[in-house]
Each structure stands twice: as structure tokens, then as C-alpha cells.
Amino acid sequence: MTETRGVKMSSNTIDTPESGFTVAPITVTHPEKVDVRAIRLFRDPPWLLRLTLEGDRSYTRVKVVRAAPLSHPDHFIALLDARDEEICMIDALDDLDEETRSLVGEELDRRYLTSRIVRVLSVRNEFGTSYWTVDTHRGRREFVVQNVGENALWLGDHRLLLIDVDGNRFEVPRVDDLDKRSVALMEQVL
Amino acid sequence: MQNTLKATPHQVDTIFIESPPPVVRTRLDAITSEHEPVLIQVAADMDGPGRYARSWLVVTAEQLIILETEATGSTVQVPLRTVTAVRAEALVGGGRLDVEHRGSTWAQLYYSNTLAPKFAEIAAAINQLVRGESLSLPTRLEATRCARCGRILPEKDGVCPACIRRWETLRRLLGYIAPYRWRALVLVLLTSAGSLVSLVPPYVVKHIVDDVLAPVRPETQTGGVRLLALLVGVLLGVNLTMWVIEVVRRWLNTWVGFRAVEDIRKALFSSLQFLPLRYADKRKVGSLISRMTNDSDLVEIYMLFDLPFVFSNILMIAGIVVLLLHMNARLALLVLLPVPPIIIASSLIWNRLQLYWRRWSTRWSRLSSHLNESISGIRVIKAFAQEQREGRRFEVHNRDLQDVSVSAERSWLVFFMVTNFFVSFGTFFVWYFGGRQLLRQELELGALMAFNFYLMMLYRPLKWFGDFYSFMVRAFAGAERIFEIIDAPSEPYDRTGTEPVAVIDGRVTFQSVSFGYDPGKIVLHDVDLDVRPGEMIGLVGCSGAGKSTLINLICRFYDVSRGSLSIDGVDIRDLRLETLRSQIGLVSQQSFLFNDTITENIRYGSPDAGFQDVLRAARAANAHEFIVRKADGYDMIVGEGGNKLSGGEKQRLAIARAILHDPRILILDEATSSLDTPTERKIQEAIRRLVAGRTTFAIAHRLSTLRSADRLVVLDNGRIAEIGSHADLLARQGFFYNLVRTQQVNTAMMASHSVAGPQTLTAGCW
Ligand SMILES: Nc1ncnc2c1ncn2[C@@H]1O[C@H](COP(=O)(O)OP(=O)(O)O)[C@@H](O)[C@H]1O
Ligand SMILES: [Mg+2]
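Starting from 1, residues in each chain are numbered consecutively following that chain's sequence as written. Each chain takes a letter, starting from A, and each ligand takes a number, starting from 1, following the order in which they are written. Two thresholds apply to this predicted model, a pLDDT of at least 70 for residue-level local features and 80 or more for giving and counting side-chain atom pairs, whereas whole-chain, interface and lining totals are computed over all residues. Side-chain measures here rest on the full set of heavy atoms in the structure, leaving out hydrogens and waters.

Colleague: It is not clear to me how helix α3 (residues 116-130) of chain B should be interpreted in this structure. Could you clarify?
Modeller: Note: α-helices contain 3.6 residues per turn, so residues at a spacing of three or four share the same orientation. Residues and elements named next belong to chain B. Secondary structure elements follow DSSP: runs of H or I of four or more residues count as helices, runs of E of two or more count as strands, with numbering from the N terminus. What a helix should span is 1.5 Å times the count of its residues minus one. With 15 residues, α3 extends 21 Å between its outermost C-alpha atoms, agreeing within 8% with the 21 Å of an ideal straight helix rising 1.5 Å per residue. The buried fraction of α3 is high, at twelve of 15 residues. Of the residues one or two after α3, Gly 132 is the one with positive phi, at around 85°. When accessible area is computed with a 1.4 Å probe and restricted to protein chains, residues below 20% of their type maximum are described as buried, those above 50% as exposed, and intermediate ones as partly exposed.

Following this line, the structure appears as C-alpha cells:
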């Protein structure tokens with residue numbers, strides 16, 4: 001039951017009316033549809049991202065953000081200009097050519113500093129606050145999650161996101177892939 | 001710039017000078033000279049966006065240095081004079097310090113969210129240096145770790161649950177009993193007497209059996225029936241005494257306990273009211289409310305039903321053990337044998353039980369919040385015909401709750417069975433070993449029976465202590481949270497030395513005011529503005545530009561971070577808060593009404609006003625007509641938050657409230673935004689009447705509302721972009737001009753679709 005986990009994984013489909021009468025679909029004009037193959041990204045100067053739509057316009061200080069970082073991490077990537085206005089959206093990373101994709105990937109890694117938990121070393125629960133020591137793909141980390149009921153989000157049946165008191169994010173992509181001890185430790189508090 | 005730095009190199013606060021390990025020291029020494037004063041030297045907790053590692057940021061008077069990873073990583077050096085700006089960029093789960101400079105090296109530093117507040121301050125400080133100002137850093141950051149044990153705190157500047165000062169908390173709780181100390185003392189004495197008296201009956205029974213009914217040595221039998229009557233009389237007397245003691249004790253207990261708890265609640269509520277808004281910002285409303293309800297319930301139960309029994313139960317255990325040893329030391333030791341296993345077993349199962357209870361309460365709160373949501377959102381649910389789905393969601397929550405209830409109940413059963421099993425062992429021991437002693441005539445039957453009674457009586461307080469401890473921990477945590485609020489510094493209402501101004505003229509002066517809700521995340525930058533008494537200022541800008549924030553500062557809901565704000569030439573911090581606020585009339589976007597009559601709501605700020613005044617204010621606000629159309633007129637109860645009224649009606653009441661209050665400084669924060677154009681036109685007149693002679697700050701999206709403003713202040717991203725009269729600004733063809741033009745285009749567009757739209761100023765915002 002995905003509905004109970006707080007984040008819905010599937011999108012709703014809209015029922016079409018049964019009568020013969022058809023309604024004009026609602027069209028969205030902004031941002032305009034951009035051919036993803038026309039997207040060129042550069043680092044210029046090296047710490048800023050510049051985007052040009054081939055033969056058209058150019059933007060500097062471009063930001064790359066995920067529209068749905070939890071449910072669709074590899075799809076619906078929005079490119080924002082310096083004022084945080086959307087330039088265009090990349091529906092799927094796979095649509096991009098090799099070079100652009102790796103740049104976009106790099107930018108995403110620079111923006112989403114979520115850590116993946118690979119092992120749980122200890123968990124203690126005191127008065128509704130849990131103290132964790134874990135190994136993540138970035139190295140060992142201690143953190144505190146307050147009110148586990150609210151700050152541990154199940155994204156689907158196996159994926160777990162923990163948000164600590166400072167707003168740092170820790171993810172377990174598949175709880176079942178962790179070793180037995182880690183799972184047992186986690187079960188004590190979740 | 002260099003001068004200011006050289007003059008004050010040592011005044012920099014040490015929290016931004018951290019001491020690096022030797023490796024870093026060496027690397028630093030290699031690239032800096034001795035004569036360069038170090039201004040900032042801090043560690044970040046990531047190396048690039050990659051791994052957790054310590055990287056260092058060092059700012060000297062000459063240069064900015066970033067050392068990635070302590071021992072090996074790269075070194076970036078940027079001369080300070082080439083730096084143009086430093087930004088603390090907020091990322092997801094962390095942040096990045098971007099150093100923009102005229103060189104070509106890549107100067108960035110990543111950190112996790114834990115350090116984000118620190119680096120926000122640092123970015124602001126480096127920007128000061130870059131602009132050539134002298135460096136000012138905050139003297140302290142919010143504590144994230146416990147000062148005593150180093151544990152990460154569950155809440156910034158919060159209480160460390162591990163270091164709860166148990167005795168200190170107990171002492172403070174007892175402090176609330178102090179006013180009733182004599183009754184409390186009597187209570188303790190009575191409870192103890194009660195426990196001691198309850199030790200008597202088994203002893204009497206022993207004598208009845210041994211001396212009267214089944215004497216081991218018949219020759220010692222003396223009185224027969226007379227003795228029996230005497231002993232039964234004693235038994236009766238003891239029971240009567242116990243009964244009287246229990247009645248008095250309970251009566252006293254509730255008397256003292258409830259009063260103490262009432263006092264605690266009173267103190268908590270009054271400090272909640274006086275808390276600065278900043279405090280409420282950081283905490284969820286729910287968590288504050290739960291202190292008022294859950295936490296004080298915990299304390300109440302503890303004070304009423306736990307604390308009074310500590311002493312008596314200790315006495316009881318001691319008394320029983322002494323009696324058992326006295327009656328028969330060997331048997332007593334045998335009987336006490338199962339006690340340690342009971343304690344061990346229960347503590348083992350205890351953890352498991354707690355786990356289930358915690359789970360149960362999480363699921364329960366999930367269920368109840370869903371219930372709450374589906375009742376308050378009932379209109380939306382029905383409008384989208386989603387009753388079935390909500391029903392299914394509820395079922396899922398309900399089943400989850402049931403699952404965990406079953407497991408909890410099962411564990412509880414195991415816990416119960418195990419303890420009972422061990423307890424029954426005590427009884428077996430008594431019967432077997434005691435029975436053998438009886439057969440060997442080393443023990444009398446009555447003594448054996450008394451032994452059994454005492455054993456049963458012993459396990460009860462023992463088990464009680466098990467529960468008591470775990471509950472005490474929870475109650476103390478609750479008490480700590482309550483005391484935390486009681487102890488929180490309240491707003492400086494009557495700070496000594498503040499001037500008790502009677503009436504203010506209403507001159508408001510901002511002098512390079514900067515402000516941020518969170519330290520470092522600046523919302524208002526360098527605002528300079530001088531408002532004459534009686535002047536009407538229109539504040540214009542996109543949503544999020546900082547208009548309401550500016551107003552929050554005038555009301556002193558928050559204090560400025562830098563610069564100064566003065567009223568009639570007196571710094572706002574030197575004004576008495578009460579006088580200040582009593583002269584400010586605020587009509588805000590969300591006009592909050594209390595669940596009371598319309599009259600009382602209008603009268604809220606001026607409780608002494610007569611009904612005539614209320615009528616006049618309501619008329620002036622054009623609220624009168626709609627009020628008299630209501631069945632109960634001015635006596636109508638408006639419902640929670642005023643939900644029985646329409647948005648426009650609520651706003652008119654709020655305006656009436658401000659009119660009646662008769663303030664010197666009037667603030668209209670989108671006060672007319674939920675009124676339709678005809679109604680607004682009616683109110684315009686009321687507002688013009690109200691505005692006359694008062695300093696007014698009006699925020700509005702409609703041009704018409706601001707027509708009468710003397711000056712318009714255009715805010716863009718927390719900065720004042722333009723100031724001037726309506727005509728001036730249009731002539732200047734700047735920011736305001738663009739806003740107005742876009743809006744005209746929009747209105748024209750709407751008109752062509754034959755939708756008459758009011759002229760709004762936000763149309764040109766992104
Ligand atoms: N209590 C608060 N805590 C933190 N940030 C806030 C708070 N109130 C407002 N802000 C932020 O301050 C900025 C200015 O808000 P505000 O002054 O309310 O804008 P407006 O001009 O629309 O009235 C916004 O970015 C907003 O998110
Ligand atoms: Mg506002």
C-alpha cells in the first residue's frame with residue numbers, strides 16, 4: 001500500500017467523460033517546450049553553469065533541480081535561470097547526450113547532498129529522540145532524529161529517508177539490502 | 001579597509017577561530033606570513049560534494065584560503081582584494097560557500113546542514129570585509145551539542161535528555177509544593193503510617209493461629225475465646241485506622257497535587273504568552289501545545305500518584321524485609337531468592353514493551369491526525385468525491401494500530417506471566433521449606449501463613465518501583481520541557497531604564513537596518529527610511545520582498561540584526577514595549593478573531609470602550625450594516641478564528657478593532673485584500689478617515705488603495721529600490737513603472753476576455 005507511506009509513487013490518471021462530448025485539453029505555454037538536444041551546458045567561469053539553447057538564447061548561473069527528487073530522481077529535471085525561473089525541463093536524463101548528461105549529473109550531485117546509509121552501527125532511542133551512528137557512502141556520521149514518526153519517511157515499501165535535526169538527509173535505497181544487524185537495529189526505532 | 005582591519009585584529013570573536021590540527025597548521029604556515037592577522041578560521045565537514053571530511057576555510061587580512069581535507073587535498077588561495085562577493089548557497093541537505101572573484105580558480109566549500117548557520121554568518125562577515133567595512137561576527141551560535149556530555153541536542157539550544165538534572169528537576173517540582181508544605185508533610189506522614197499499619201494484620205493473624213486456634217504447645221494457650229476476641233478486635237481496629245488514613249490521605253493528596261499542578265500550568269501559560277515571536281517561529285505550534293497538555297499531564301500524574309508513594313513504598317519494603325528476617329531469617333533469605341530474577345526479567349521485557357508502546361503512540365497519532373484532517377477537510381473530500389478513499393486510508397491506519405496493539409498486549413501478557421511465575425516461586429519456597437520447618441516443629445503454622453502474606457505484600461511495591469522509575473524518566477523529561485519555557489527569557493516588557501512615553505508623535509526612522517529571521521539569512525538589507533509623523537507610506541513589492549517583515553520590526557516582534565530603528569528619535573529598544581504596542585494599530589492579512597462576540601472582538605485592544613464607541617468604530621469600518629443583518633447582531637459569536645464570517649467581514653471587523661484602538665501608528669498589511677472592489681471602495685473612505693493625522697504604513701496590491709499615500713516605498717528582494725510619490729515613480733520609469741505597466745497590460749488582457757479585474761501591483765512579479 002503506497003498510500004500509507006506519505007508519498008505517492010504513481011500518478012493519477014484522469015477519467016475521460018463517458019458522454020461523446022469532448023473537452024479541449026488544457027495547454028501549458030510556459031515554459032515553452034524546448035528540444036533537449038538543443039541544450040548546451042558549459043562551465044563558464046568554471047564555477048558557474050551556463051546554458052545555451054542552440055542558436056537561440058543563453059543563460060548564466062543556471063541551476064539544475066529535480067522536480068520530484070524523491071519519487072522521480074532521474075526524470076523531470078528543471079533548469080532554472082539566475083532568478084529561479086524555469087528555462088526548461090528535461091523529462092528524462094536518458095534523452096540527453098553523453099556530455100550534457102554527465103554535466104547535469106555532476107550538478108545534481110552538487111545540489112543534493114543526501115547521504116546513502118550503507119550500514120547502521122548503533123541506534124539508541126531516548127524519549128522519542130533517536131541517536132544514530134551510521135556508515136554512509138560519504139563516510140561515518142552521527143546524527144539525531146527527533147520524532148521518528150515524522151522524520152522517517154517511507155518512500156515505497158523498501159526505501160527510507162531520514163531527516164535529522166539539522167535538516168541533513170540520509171537515505172536507505174533498499175532496506176532489505178542492508179545487513180541483518182543494521183536492519184535489526186533500525187527496527188528497534190522505526 | 002586595511003586600516004579598520006589592522007586596528008582591530010584581536011577583537012574578533014573566538015568562535016570563528018577554531019584551532020586546526022598540526023597538519024593543517026603546517027599547511028597554513030607554508031602559505032601565510034606571520035604578519036597576516038587571521039580573522040576567520042573554521043572547519044567545514046565535507047570535502048567537495050563528496051565525502052565527510054574536515055576542510056578548512058581561513059580568512060586573513062590579505063587572502064582567503066580553502067584547504068580541502070586536512071592532510072592531502074587541494075589548496076585554494078584567493079587574494080581578498082580580488083573577491084567580489086561570497087554567497088552561502090542553500091543546497092538540499094547542506095550548503096556551499098561560493099567565493100566569486102576575478103581570478104579563475106574554483107573557490108567553493110561544501111558543508112552539511114549542521115554547519116549551515118555558521119557559514120551563513122561567515123558569508124555575511126566576508127562580504128563586510130569585501131565591502132571594506134569592519135568585521136562584525138555574532139558572539140554565539142545556537143548550541144547544537146550538549147555542553148556537558150557533548151551529545152547532539154534534539155533541538156537547537158534545547159535540553160539534553162541524557163543530562164536532565166534529575167535532582168534539580170525534582171527540587172523544582174517540590175518547590176511547587178512548598179506553599180502547601182504542612183499539608184504535604186502530613187500527607188507523607190499519613191502515607192507512611194498507612195504502610196506501617198498495613199504490616200500489622202498478617203502479624204495478628206499469625207497470633208490468632210498460633211496462640212488461639214492451633215497452638216503448638218497447648219500449655220501456652222491462656223485466654224481462649226477472650227484472646228480471640230481481643231485479637232479480632234485489634235484486626236478490626238487496624239482496618240478501621242487504615243480506612244481512615246486512606247480517606248484523609250486521598251483527600252489531602254488531591255488537594256495538594258492539583259494545586260501544585262495548577263500553579264505549574266499557570267506559570268507555563270503566562271510565560272508562553274510573553275515569549276518572543278522568534279521563539280515561537282522555531283518551534284512547531286503543536287510542540288508548544290503539547291507542553292501545555294501532554295507534558296503537564298505527565299507531571300500531574302507524577303505529582304499526584306507517584307511522588308507521594310515513594311517514601312511509603314520504601315518504608316513498606318524495608319518493614320517487610322525486617323519482619324521476615326525477624327520471624328525466620330533462613331526462610332526469609334530463601335523467599336527473597338526470586339527477587340533478583342524478577343528484576344532482571346522485567347527489565348529485559350521492559351525494553352520490548354516500551355518499543356511497542358512507542359510504536360502504538362506513533363500510530364495512534366497518525367490515526368488521529370488523519371481523523372482530524374478528514375473532518376476539517378470534509379468539504380474538499382466531498383467536493384472531489386473521495387469519501388471511499390479516505391475510508392480506505394482510515395482502514396489501513398486502523399489496522400496498523402490494531403496490529404501493534406495486539407503485539408503490545410502479547411508482550412505485556414508475557415511480562416505479566418513471567419513475573420507471576422517467579423513470584424509464585426516465592427510461594428512454593430514458603431510452602432515447601434516452611435512446611436518442612438513446620439514438620440520439624442521449627443516454625444509455627446501462623447508464622448508460615450504470615451510469611452505468605454508478607455511475600456505477596458512485598459512484590460507489589462517492588463513492581464511499583466519498576467514502573468515508577470520508567471515513568472519518572474518520562475515525567476521528568478516533561479517537567480524539563482515545561483521548565484525550559486518557564487525559564488525562557490520573555491520579551492523585555494518593562495526593562496529598567498526604558499522610557500515610559502505617554503503619547504508618541506509617530507516619526508519612524510530606519511537607519512541602515514538589516515534583518516534576518518535566521519541568523520545570516522538576511523531578509524532586509526540596509527534599509528534607510530525616515531517617515532514624518534502623520535505621513536502615509538505605501539509599501540509596494542512582490543510577494544516575499546520583505547514588506548511584512550519591515551512591519552514586524554516596527555511592532556518590535558523582532559529586533560533588528562544591524563542598524564537601528566527609532567521612533568520619535570528614541571531607539572525602539574529603549575521604548576517600553578507596552579507603550580509602543582498600545583500605540584500601534586495592526587490590521588493584517590490574516591485578521592485573527594477570537595471565538596467571542598463581535599462586540600468583544602472589536603473591543604479587544606481597548607477593553608474599556610463603551611458600546612457607543614464600538615458602534616462608531618463599526619460604522620467607520622463599514623461593518624455595521626453586515627453586523628445588524630446577523631440574527632444576533634453585535635452579540636454574534638464569530639466561531640473559532642472567526643470562521644462563521646466571510647473573509648471580507650473578518651477584515652472589516654479587524655479594521656474596526658484598529659479604529660477603536662485609536663493608534664498613533666497604523667499598519668495595514670494587505671488589510672483590504674479579501675474585499676471585492678465595491679466593498680473596498682466603501683472602506684477606502686473609512687481608511688482615509690482613519691489615516692488622517694496618523695503615521696500609516698499600508699501594504700496593498702491594488703493601486704487604488706495606495707492612491708492617498710504620501711510616498712511609495714518599493715521593496716525589491718529586501719532592498720529599497722525606489723522611494724517617491726506615485727507621480728515621481730511613474731516619471732522615473734523604474735521598477736514601479738514596470739510593475740504598473742505589466743499590470744495595465746494584464747488588466748487590458750482580462751478586459752478583452754470581459755473579466756473585470758482590479759488593478760493589482762503584483763502582476764509584474766515573477
Ligand atoms: N517567521 C519567518 N521565519 C523565517 N522566514 C520568514 C518568516 N516570515 C517571513 N519569512 C521570509 O522572509 C521573506 C520576506 O517575507 P515577508 O516580509 O512576509 O514578505 P511580503 O513582502 O510578502 O510581506 C520571505 O522570503 C519569507 O519566506
Ligand atoms: Mg506579507
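Colleague: How do you make sense of unusual backbone geometry when you look at a structure like this?
Modeller: In terms of backbone geometry, most residues other than glycine have negative phi values and most peptide bonds are trans. Residues and elements named next belong to chain B. Even without being a glycine, Ala 385 presents a positive backbone phi close to 50°. Position of Ala 385 among the secondary structure elements: in the loop between α12 (378-383) and α13 (387-439). Despite not being glycine, Gln 441 shows a phi value in the positive range, around 60°. Relative to the helices and strands, Gln 441 resides in the loop between α13 and α14 (445-487).

Colleague: Explain the site of ligand 1 here, please?
Modeller: Residues and elements named next belong to chain B. Of all residues adjacent to ligand 1, which total twelve residues, the nearest are Gly 544, Gly 546, Lys 547, Ser 548 and Thr 549. Between an oxygen atom of ligand 1 and a main-chain N or O atom of Lys 547, the distance comes to 2.8 Å. Under this definition, polar contacts are N or O atom pairs within 3.5 Å; protein pairs additionally need one hydrogen-donor-capable and one acceptor-capable atom, and for neighbouring residues in sequence, both atoms have to be side-chain atoms. Here an oxygen atom of ligand 1 sits 2.6 Å away from a polar atom, N or O, in the side chain of Ser 548. For the accessible areas, the method is Shrake-Rupley and the probe is 1.4 Å, while residue cover comes only from the protein chains on display. Taken by itself ligand 1 offers 560 Å² of open surface, and the protein chains cover 63% of this. If one sorts the elements of the shell around ligand 1 by residue count, helix α15 (residues 547-554) sits on top with three residues. Amino acids outside the nonpolar list (Ala, Val, Leu, Ile, Met, Phe, Trp, Tyr, Cys, Pro) and the charged list (Asp, Glu, Lys, Arg) are all regarded as polar, and Gly is one of them. A breakdown of the residues in the shell around ligand 1 according to their chemical character gives five nonpolar, five polar and two charged. Nearness of a residue to a molecule or strand requires only that one of the residue's heavy atoms be within 4 Å of it.

Colleague: I tried to follow the pairing of strand β7 (residues 108-112) of chain B on my own but got confused; where do I start?
Modeller: Looking along a regular strand, one sees side chains alternate from face to face of the sheet. All names here are of chain B. Across the five residues that make up β7, a large majority, five, are buried. Residues Gln 108, Tyr 110 and Ser 112 of β7 are buried on one face, and the alternating residues Leu 109 and Tyr 111, pointing to the opposite face, are buried as well. Strands are treated as partners if at least two bridges between them are detected by DSSP. Bridging between strand β6 (residues 94-101) and β7 involves five bridges; their strand directions are antiparallel. Paired with Arg 96 across the two strands is Tyr 110, which belongs to β7. The hairpin turn running from β6 into β7, its antiparallel successor, is six residues long.

Colleague: For this particular structure, what's the right way to read the nonpolar core?
Modeller: If you look at soluble globular proteins, the nonpolar side chains tend to sit buried side by side. Residue and element names in this part refer to chain B. Grouping buried Ala, Val, Leu, Ile, Met, Phe, Trp, Tyr and Cys residues that are joined through side-chain atoms within 4.5 Å yields what is termed a nonpolar core. With 45 residues, the main nonpolar core has Ile 598, Ile 602, Ile 627, Tyr 634, Leu 653 and Phe 736 as its most contacted residues. Of the residues forming this core, the biggest block, seven residues, is contributed by helix α20 (residues 647-661). Other than its neighbours up to four places away in sequence, Ile 627 contacts Ile 598, Ile 602, Ala 618, Gly 633, Tyr 634 and Leu 653. Met 303, Phe 468, Ala 475 and Phe 476 belong to the second-largest nonpolar core, a separate cluster that totals 32 residues. The criterion used for residue contact is that any of the two residues' heavy atoms lie within 4.5 Å.

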